[in-house]
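What follows is each chain in one-letter form.
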Amino acid sequence: MDLRTTPALLYLDAVSVSFDGFKALNGLSLTIAPGEMRAIIGPNGAGKTTMMDVITGKTRPDEGEVLFDGSHDLTALDEASIAVLGIGRKFQKPTVFDSHTVEDNLRLALAGDRRARTAVAWRETAAARERMSSILETIRLTAARSRLAGNLSHGQKQWLEIGMLLAQDPKLLLVDEPVAGMTDAETHQTAELLRTINVEKTVVVVEHDMTFVRALGVKVTVLHEGRVLAEGSIDQVSENERVVEVYLGR
Amino acid sequence: MIPRALDRGTIVFLALLGAVAIAVPLLNLALPDSSPLHVPTYLVSLFGKYVCFALLALSIDLIWGYCGILSLGHGAFFALGGYAMGMYLMRQIGGRGVYGNPLLPDFMVFLNWKELPLAWWGFSSFPYAMLMVLAVPGLLALVFGWFAFRSRVTGVYFSIITQAMTFALLLAFFRNDFGFGGNNGLTDFKDILGFNVQADGTRAALFATSCLALMLGYVVCRILVASKFGMVLIAIRDAEARARFLGYRVESYKLAVFTISACMAGVAGALYVPQVGIINPGEFSPANSIEAVIWVAVGGRGTLAGAVIGAVLVNYAKTTFTSGALAPYWLFLLGGLFVGVTLWLPRGIVGTIAHWRAGRRITATEDAPDPSGAAVATKPQAAE
């Protein structure tokens, strides 16, 4: 590939996206270092989901630069290519394949050949089975492995989706509101799960839940009106006057 | 991949079809007319028609039931396959037409044409015609699907443009100067491979061939849906965006399955034409495509066997009702059937039976996967 231009794993520079005149992202610049876990917070309409869409190739930015691993221009690639490069995305609403079993959901996510023409003759390897079992352990769904994903509880679906991200073996995980609708116990377990994942992978979490962000204990970026408002530890940003203003209203 | 595809249900289904393929021609040819078990020739052709419709339904189930692509234009692929076969049959007439022109079919003589149009070249060769039966619907599906799937046209919008596609073809084929017989279509067939198309033996052979094509189509579908390819299709049906973000190029899968399905529909049309003795632009009628979707819904989408059963049952009902006092009400009945199935039997006949059997297993093992695999099966609240 091209020469590496930045040490950052993910590099966004002056990214702007507008929908019918509304600036969803307005000169957003952000860098995520390899191995980092970053929490992104911000009020509704701050551009968090649009940012995810831009990184994963769902939305093309009007202007700005988006680089992955220093050399891949994400604005020129489609979702499937970006996924194969090593960016996994968890949606806000748990999105799993309802009429597949938990195992089959993971099987589809496991890294490997994605081409249609080879899929008919595809066979599962022993290594893949082992890896699936270890992921099932991590996401605490071993007992539910042959259940249909559509029959899982909300929290279990969230975990299955995180498990699918792990199976994909990405370098970067984008996690959109992982604890929305979870019980306190599940929220706590999810924070623990994300910390475990962060040992090996870079993670970006978008979240509304402040107690959860505090529990993660990582660097926080506050978005507002499509750009970065503040960055720092949770204590630093929650003392920032502008942040308080934005969150509490003027 | 073959053993996984040939599960018990598939083997039973293939065995039954095989038995029908042998029994019907045998009861027609070997028994005297006076025997109570004798199957008259008109019934052989009628059953043959049902089998062709079943293959069309199967092709629709493959894309709709497994990948969630609702094509309301599959009748077009069926008709194109039929026209390819019809063109071969027309070329076999030779000098025996009304005008006795050895080179040109009657309608071309009537139009005062002097030479055979380019599109008709090669159709006197059976292998070439059979290639076209697959290639013409397949190529149309490939081009149409490439544009539609690449532009991410999905759901009801896709259904509407497929209706437009079949309607556009209907209008084109209705024109006399389009070169395919205009509104009269192609008919008055004499021979197929040197055998008289009207003869009992030919009709029996065509019936058996149709059954064989259906069996082959069924096996192809089973191999596809039982493989990882089929798993990805279901994944696309359930959550297209998720499949994309997992790195699957959704449009390649859709394009592949849509093209395979169109080829299957083409084969069904090709076998249909010599058994009914005519192909005309009416086969492109948008209503035909919708009717075929109803067969699948009645039988149960995403079950394969359901598509076959639905096609045979609805067409049997159609034959029965349109030949009696209730004939004027058939369309109301068909519409009522569709509404009724949607309301009270959203899984269709086979899907409901499978779900009921899975439900009995759940009481034993608490939680069993639903074998029907239908999208509605996993969302009973939404469906009922």
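Residues numbered from 1 in each chain as written. Chains lettered and ligands numbered in written order. Predicted model: local features only at pLDDT ≥ 70, side-chain atom pairs only at ≥ 80, totals over all residues.

With that settled, the discussion passes to the packing of helix H4 (residues 74-93) of chain B against helix H6 (residues 126-150) of chain B. Residue and element names in this part refer to chain B. Where H4 contacts H6, the axes come no closer than 9 Å and their chain directions differ by 160 degrees. Compared by their axis directions, H4 and H6 come out roughly antiparallel. As for the relative orientation of H4 and H6, their crossing is right-handed in sense. Taking contact as the criterion, the partners of Phe77, Leu80, Gly81, Ala84, Met85, Met87 and Tyr88 in H4 are, on H6, Phe126, Ala129, Met132, Val133, Val136, Pro137, Leu140 and Ala141. (Axes fitted to C-alpha atoms, helices over the stretch in contact; angles between N-to-C directions. Helix = DSSP H or I, 4+ residues; strand = E, 2+ residues; numbered from the N terminus. Parallel < 35°, antiparallel > 145°, perpendicular 65-115°, else oblique. Left-handed = near helix turned anticlockwise from the far one by under 90°. Contact = placed C-beta atoms within 7 Å.)

Let us now look at the environment of Glu231 of chain A. All names here are of chain A. Along the chain, Glu231 falls in strand S10 (residues 227-232). With ten residues separating them along the chain, Glu231 and Thr221 place their C-alpha atoms 4.4 Å apart. With residues near it in sequence (within four places) discarded, Glu231 still touches Lys219 and Thr221.

This brings us to the interface of chain A and chain B. Every contact between the two is made by 29 residues of chain A and, on the other side, 31 residues of chain B. Secondary structure elements with two or more residues in the side of chain A that touches chain B: helix H2 (79-85), helix H3 (102-109), helix H4 (116-119) and helix H6 (154-168) of chain A. Among the elements that line the side of chain A that touches chain B, the one with the most residues is H2 of chain A, at four residues.

This part is about the nonpolar core. If you look at the biggest cluster of nonpolar residues, it comprises 177 residues, and the most contacted ones within it are Ala57, Leu58 and Val232 of chain B. A total of 17 residues in this core trace back to one element, the largest contributor, which is helix H3 (residues 41-67) of chain B. In terms of domain composition, this core takes at least three residues from each of domain 1 (1-85 + 218-250) and domain 2 (87-215) of chain A. Discounting residues that sit within four places of it in the chain, Leu58 of chain B has contacts with Gly217, Tyr218, Cys221, Met264, Leu304, Ala307 and Val308 of chain B. (Core = buried A, V, L, I, M, F, W, Y, C linked by C-beta atoms within 7 Å. Buried ≥ 20, exposed ≤ 12 C-beta atoms within 10 Å, placed from the backbone. Domains from an automatic or database assignment.)

Let us now look at the domain arrangement of chain A. All names here are of chain A. Domain parsing of chain A yields domain 1 (1-85 + 218-250) and domain 2 (87-215). Computed over C-alpha atoms only, the centres of domain 1 and domain 2 are separated by 23 Å. Elements supplying a minimum of two residues to the side of domain 1 that touches domain 2: strand S3 (37-41), helix H1 (48-55) and H2. Its residues placed into classes, the side of domain 1 that touches domain 2 shows 18 nonpolar, three polar and three charged. (Nonpolar A, V, L, I, M, F, W, Y, C, P; charged D, E, K, R; others polar.)

This part takes up the sheet that holds strand S1 (residues 10-19) of chain A. Residues and elements named next belong to chain A. The four strands lie next to each other as S2-S1-S4-S5, forming an open sheet whose pairing is antiparallel. Every other strand in the sheet has two partners, leaving strand S2 (22-32) and strand S5 (72-73) as the edge strands with one partner each. Bridge count between S1 and strand S4 (residues 63-68): five bridges; the pairing is antiparallel. For Ser16, the partnering residue across the bridge sits in S4 and is Glu63. (Pairing = 2+ DSSP bridges.)

Before going further, it helps to examine helix H13 (residues 305-322) of chain B. Between its terminal C-alpha atoms H13 of chain B stretches 26 Å, which fits the 26 Å expected from 18 residues at 1.5 Å a residue. Listed in full, the buried residues belonging to H13 of chain B are Ala305, Gly306, Ala307, Val308, Ile309, Gly310, Ala311, Val314 and Asn315 of chain B. (Expected span 1.5 Å × (residues − 1).)

Residue and element names in this part refer to chain A. Here strand S6 (residues 87-90) shows two buried faces, one formed by Ile87 and Arg89 and the other by Gly88 and Lys90. Here S6 runs beside strand S7 (residues 172-176); their pairing, made up of four bridges, is parallel. Directly across from Ile87, in S7, lies its bridge partner Leu172.

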